[in-house]
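The residues making up each chain are set out below.
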Amino acid sequence: MDKRCICGERMELRLRTVVFQRNAEIENVPVLICDSCTHSEVFPPVKACLVNLLARLKAEPADRILVRFDECNEIARLIRLQQKQRISMEGVRRLIEERVNELLDTLLLAGSLGDEVWTAEIQDKLTELTDKTLPVAISS
């Protein structure tokens, strides 16, 4: 990925912990970071999911919350896997294809069992991985 910062330098995609309202920590959030000027921004393909998660956390106040974003977002899951295994961005494309195929197989199973909740969860995951902004963000 070759995203440029507002200062003109190259931004790196990293997984970071986001702290929300001092009591919620969200680990493994994909964030673009500029080492030159320290500007950072949430990776665009996961932003909507993160906003939805923050809204849910705000509605359910608790003393201390720890959430692993890669467990509730398919893109974050694949980025974490990519960084852990140190594979290329082409490898990420293959990971996405493999995960989509795996989810499609699981969708068939959920449908044959008539499990509507499971089917909806799988469809949400597929939507994350087939979002039109993802290929652009990965290749840019």
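Residues numbered from 1 in each chain as written. Predicted model: local features only at pLDDT ≥ 70, side-chain atom pairs only at ≥ 80, totals over all residues. Heavy atoms only, no water.

Draft legend 1. Focus on helix H4 (residues 116-129). For H4, built from 14 residues, the straight-helix expectation of 20 Å at 1.5 Å per residue is met to within 8% by its first-to-last C-alpha distance of 20 Å. Backbone nitrogen of Val-117 and a side-chain oxygen of the N-cap are separated by 3.3 Å at the start of H4; the cap is Asp-115. (Helix = DSSP H or I, 4+ residues; strand = E, 2+ residues; numbered from the N terminus. Expected span 1.5 Å × (residues − 1). Polar contact = N/O pair within 3.5 Å; in protein donor to acceptor, adjacent residues only side chain to side chain.)

Draft legend 2. How the structure looks around the pattern of salt bridges. On inspection of all chains with the given rule, the structure shows nine salt bridges. A salt bridge links Arg-64 to Glu-25, with the nearest nitrogen and oxygen atoms 3.1 Å apart. Of this pair, Arg-64 sits in the loop between helix H1 (44-59) and strand S5 (65-68) while Glu-25 sits in strand S3 (residues 24-33); the two residues are 39 residues apart in sequence, bridging distant segments of the chain. Take Glu-25: its relative accessible area is 27%, and that puts it in the partly exposed class. Arg-68 is the partner of Glu-71 in a salt bridge, and the nearest nitrogen-oxygen pair spans 3.6 Å. A residue is classified by how much of its surface remains accessible, and Arg-68, at 28% relative accessible area, is partly exposed. Three or more residues joined by partner-sharing salt bridges are found here, namely Arg-68, Asp-70, Glu-71 and Arg-80. (Salt bridge = Lys/Arg side-chain N within 4 Å of Asp/Glu carboxyl O. Buried < 20%, exposed > 50% of the residue type's maximum accessible area, 1.4 Å probe, protein only.)

Draft legend 3. Representation of the side chain of Glu-128 in the model. Secondary-structure assignment places Glu-128 in helix H4. For Glu-128, which is buried and forms no salt bridge, the nearest opposite charge comes from Lys-125, at a distance of 7.9 Å. A polar contact is formed between the side chain of Glu-128 and the backbone nitrogen of Glu-74, at a distance of 2.6 Å. (Lys, Arg positive; Asp, Glu negative; His and termini not counted.)

Draft legend 4. Highlighting unusual backbone geometry. Positive phi is not limited to glycine here, since Asn-28 has a value of about 65°. Here Asn-28 lies in strand S3. Phi angles above zero are rare outside glycine, and Thr-38 is one such case at about 65°. Checked against the element boundaries, Thr-38 lands in the loop between S3 and strand S4 (40-42).

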